[in-house]
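# Structural overview
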Amino acid sequence: MGRVYWFYGLSGAGKTTLATGFAAWLKARGVTAVILDGDQLRSGVCKDLGFSSEERLENIRRAAEIAKLLARQGNIVLAALMSPETSMRRIAREITSPVPFYEVYLECAVEVCVKRDTKGLYSKALSKSLTDLPGIDRRFDPPSCPDLHLTTHSTTYAGCLEEICIHYASLPDGT
Ligand SMILES: Nc1ncnc2c1ncn2[C@@H]1O[C@H](COP(=O)(O)OP(=O)(O)OP(=O)(O)O)[C@@H](O)[C@H]1O
Ligand SMILES: [Mg+2]
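First, a word on scope: everything that follows refers to the structure included in this document. Along each chain, the written sequence defines residue order, and numbers are assigned to residues from 1. For naming, the first written chain is A and the first written ligand is 1, with later ones following in the order written. Local features are withheld for residues below a pLDDT of 70 in this predicted model, meaning they are given only at 70 or higher, and side-chain atom pairs are given and counted only at 80 or more; totals for whole chains, interfaces and linings count all residues. Side-chain figures throughout are based on the complete set of non-hydrogen atoms in the structure, without hydrogens or water.

## Observations concerning the environment of alanine 79
Following the sequence through the fold, alanine 79 ends up in strand β3 (residues 76-80). For alanine 79, a relative accessible area of 0% corresponds to the buried category. Between the C-alpha atoms of alanine 79 and leucine 148, which are 69 residues apart in sequence, the distance is 14 Å. What counts as a helix is a DSSP run of H or I of at least four residues, what counts as a strand is a run of E of at least two, and both are numbered from the N terminus. For every residue, the accessible area (1.4 Å probe, protein chains only) is compared with the maximum for its type, and the residue is labelled buried under 20%, exposed over 50%, or partly exposed between those bounds.

## As for the sheet that holds strand β5 (residues 148-151)
Either a parallel or an antiparallel arrangement is found when strands of a sheet pair, and the pairing is made through backbone hydrogen bonds. Whether two strands pair depends on DSSP finding at least two bridges between them. Spatial strand order, β2-β3-β1-β4-β5: 5 strands in an open sheet with parallel pairing. Pairing within the sheet leaves two strands with one partner each, and these edge strands are β2 (33-37) and β5. Taken over all neighbouring pairs, the strand axes of this sheet differ in orientation by 20 degrees on average, direction set aside. Pairing of strand β4 (residues 101-107) with β5, which is carried by 4 bridges, proceeds in the parallel orientation. Bridging across to β5, glutamate 107 finds its partner in threonine 151. Lying on the sheet, helix α3 (residues 53-72) is in contact with β1 (3-8), β2 and β3; it crosses β1 at an angle near 150 degrees. Residue contacts are counted whenever heavy atoms from the two residues lie within 4.5 Å of one another. A fitted line through C-alpha atoms serves as each axis, taken over the contacting stretch for helices, and the angle formed by two N-to-C directions is quoted from 0 to 180°. Taken strand by strand, helix α7 (residues 157-170) contacts β1, β3, β4 and β5, and its axis lies near 170 degrees from that of β5.

## Topic: the site of ligand 1
One heavy atom within 4 Å of a molecule or strand is enough for the residue carrying it to be called near that molecule or strand. Not every one of the 18 residues close to ligand 1 is listed here, only the nearest: Ser11, Gly12, Lys15, Thr17 and Lys119. The definition of a polar contact used here is a pair of N or O atoms within 3.5 Å, where within protein one atom must be able to donate a hydrogen and the other to accept one, and adjacent residues in sequence count solely through side-chain atom pairs. Glycine 14 has a polar backbone atom sitting 3.0 Å from an oxygen atom of ligand 1. In the environment of ligand 1, an oxygen atom lies 2.9 Å from a nitrogen or oxygen atom belonging to the side chain of threonine 16. Only the protein chains shown count as cover for residues, with accessible areas throughout obtained via the Shrake-Rupley method and a probe of 1.4 Å. Contact with the protein chains covers 77% of the free accessible surface of ligand 1, which is 650 Å². Of all the secondary structure elements, the ones that give two or more residues to the shell around ligand 1 are α1 (15-28) and α7. Residue composition of the shell around ligand 1, by class: 5 nonpolar, 9 polar and 4 charged. Three classes are used: nonpolar for Ala, Val, Leu, Ile, Met, Phe, Trp, Tyr, Cys and Pro, charged for Asp, Glu, Lys and Arg, and polar for all others, with Gly counted as polar.

## Brief notes about α3
Helix span, as expected, comes to 1.5 Å for every residue beyond the first. Taking 1.5 Å per residue as the helical rise, α3 with its 20 residues ought to reach 28 Å, and the 28 Å between its terminal C-alpha atoms agrees with that figure. Those residues of α3 that sit buried are Arg56, Asn59, Ile60, Arg62, Ala63, Ala64, Ala67, Lys68 and Ala71. Buried residues in α3 make contact with β1, β2, α2 (38-42), β3 and α4 (86-96). Directly after α3, the chain includes glycine 74, whose backbone phi takes a positive value near 95 degrees.

## Things to note about the packing of aromatic side chains
A pair of Phe, Tyr and Trp rings is counted when the ring centres sit within 6.5 Å of each other, with Trp represented by its six-membered ring. The angle between the planes then sorts it: under 30 degrees is stacked, over 60 is edge-to-face, the rest tilted. With the rule as written, the count across this model stands at 8 aromatic pairs. Judged by centre distance (5.5 Å) and plane angle (25 degrees), the rings of tyrosine 8 and tyrosine 105 are stacked. Highlighted residues: tyrosine 8 in strand β1 and tyrosine 105 in strand β4, separated in sequence by 97 residues. Summarising the burial analysis for this pair, tyrosine 8 and tyrosine 105 share the class buried.

## Thoughts on the packing of α1 against α7
Where α1 contacts α7, the axes come no closer than 10 Å and their chain directions differ by 55 degrees. Relative to α7, the element α1 is oriented oblique. Of the two possible hands of crossing, α1 and α7 adopt the one that is right-handed. On the side of α1, the interface is formed by Thr17, Leu18, Gly21, Phe22, Trp25 and Leu26, while α7 contributes Tyr157, Cys160, Leu161, Ile164, Cys165 and Tyr168. Grouping the amino acids of the contact of α1 with α7 by side-chain chemistry returns 10 nonpolar, 2 polar and no charged. We call two directions roughly parallel when the angle between them is under 35 degrees, roughly antiparallel when it is over 145, roughly perpendicular when it lies between 65 and 115, and oblique otherwise. Rotating anticlockwise by less than a right angle from the far helix to the near helix defines a left-handed crossing, while the corresponding clockwise rotation defines a right-handed one.

Spelled out as structure tokens, the structure:
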């Protein structure tokens with residue numbers, strides 16, 4: 001059986017960046033990882049969904065079902081979705097059970113995300129031309145005990161990646 005790493009955090013926290021870096025690290029060790037990125041899912045499988053809590057939950061549900069299918073075939077799955085509410089992370093874990101599931105919380109201060117503004121979402125949200133952005137006009141529930149908690153506003157990319165790789169290598173069938 002494979003594993004699921006569920007990267008979550010605010011927009012701009014570094015989910016795509018770190019999932020991509022981790023996949024490359026695994027590839028260099030002969031392990032192929034499958035990335036399930038929120039943006040890519042929303043451009044296809046989840047094209048019909050918006051950004052209400054219900055629709056975000058459905059987005060997560062679909063991602064988790066796909067993650068489970070892939071992990072049961074032996075893949076390491078790196079899901080990178082904002083997953084702002086506690087219930088969303090709980091459902092992802094429940095759906096993927098009994099596949100090993102690791103929550104990777106990427107904490108990043110909202111002011112830093114606003115400064116990064118990698119997609120221009122924050123400037124739109126602050127000027128009110130976009131709504132429902134977690135951290136601005138929608139809640140983000142910080143987790144109480146994620147498997148990994150990385151602070152991407154104060155730890156370098158290399159430092160964050162190293163922690164993820166150490167976690168991977170510390171598990172029984174880690175390579
Ligand atoms: N420690 C770090 N870890 C990850 N990314 C970092 C770090 N420090 C700075 N960055 C930068 O922050 C940005 C993170 O953008 P990224 O697209 O990965 O965020 P995201 O969480 O996937 O956002 P979204 O939810 O909008 O897809 C990148 O420009 C990256 O270079
Ligand atoms: Mg992303």
